[in-house]
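Structural overview for review
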Amino acid sequence: MAGILIVEDEPALAAMLAECLAEVGHDVKTAANGAEALSVLARPENNIDLMVLDRSLPVIGGDMVARICRDTGDPVRILMLTALATSQ
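Residues numbered from 1 in each chain as written. Predicted model: local features only at pLDDT ≥ 70, side-chain atom pairs only at ≥ 80, totals over all residues. Heavy atoms only, no water.

Here we come to the sheet that holds strand 2 (residues 27-31). Taken in spatial order, the 4 strands make up an open sheet running 2-1-3-4, and their pairing is parallel. Strand pairing shows two members of the sheet lacking a second neighbour, strand 2 and strand 4 (77-81), which therefore form its edges. Between one strand axis and the next, the sheet turns by 20 degrees as a mean value, whatever way the strands run. (Pairing = 2+ DSSP bridges. Helix = DSSP H or I, 4+ residues; strand = E, 2+ residues; numbered from the N terminus. Axes fitted to C-alpha atoms, helices over the stretch in contact; angles between N-to-C directions.)

See below:
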């Protein structure tokens with residue numbers, strides 16, 4: 001199955017998402033902030049195919065993480081997960 005990185009600063013939500021995805025066979029990693037997410041993505045052995053990315057993160061926000069990924073040519077698919085009511 002897919003390598004999935006969940007980037008979420010609320011531990012209970014991150015754990016629930018990780019558990020659900022792992023139960024169906026995905027290789028799941030988690031990160032609690034944007035800097036940690038970029039570190040996980042930088043390690044090729046992690047084989048991340050999809051990043052579930054919260055927009056409101058400490059250290060480096062989700063929008064900036066997505067921008068850095070695209071600016072550096074990282075082909076990871078990104079699913080933005082947010083409780084924000086508007087887009088920017």
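A few words on the nonpolar core. Counting residues in each nonpolar core, the largest one holds 14 residues, and the members touching the most others are Leu5, Val7, Leu41, Met51 and Leu53. Beyond its immediate stretch of four places on either side in the chain, Leu53 contacts Val7, Gly62, Val65, Ala66, Ile78, Leu79, Met80 and Leu81. (Core = buried A, V, L, I, M, F, W, Y, C linked by side-chain atoms within 4.5 Å. Buried < 20%, exposed > 50% of the residue type's maximum accessible area, 1.4 Å probe, protein only. Contact = heavy atoms within 4.5 Å.)

Of note in the backbone geometry, Asn47 takes a positive phi value of approximately 50 degrees without being a glycine. By relative accessible area, which is 53% here, Asn47 ends up exposed. A positive phi angle, near 70 degrees, is found at Val59, a position not held by glycine. By the element assignment, Val59 lies in the loop between strand 3 (50-54) and helix 3 (62-71). With relative accessibility at 69%, the residue Val59 sits in the exposed group.

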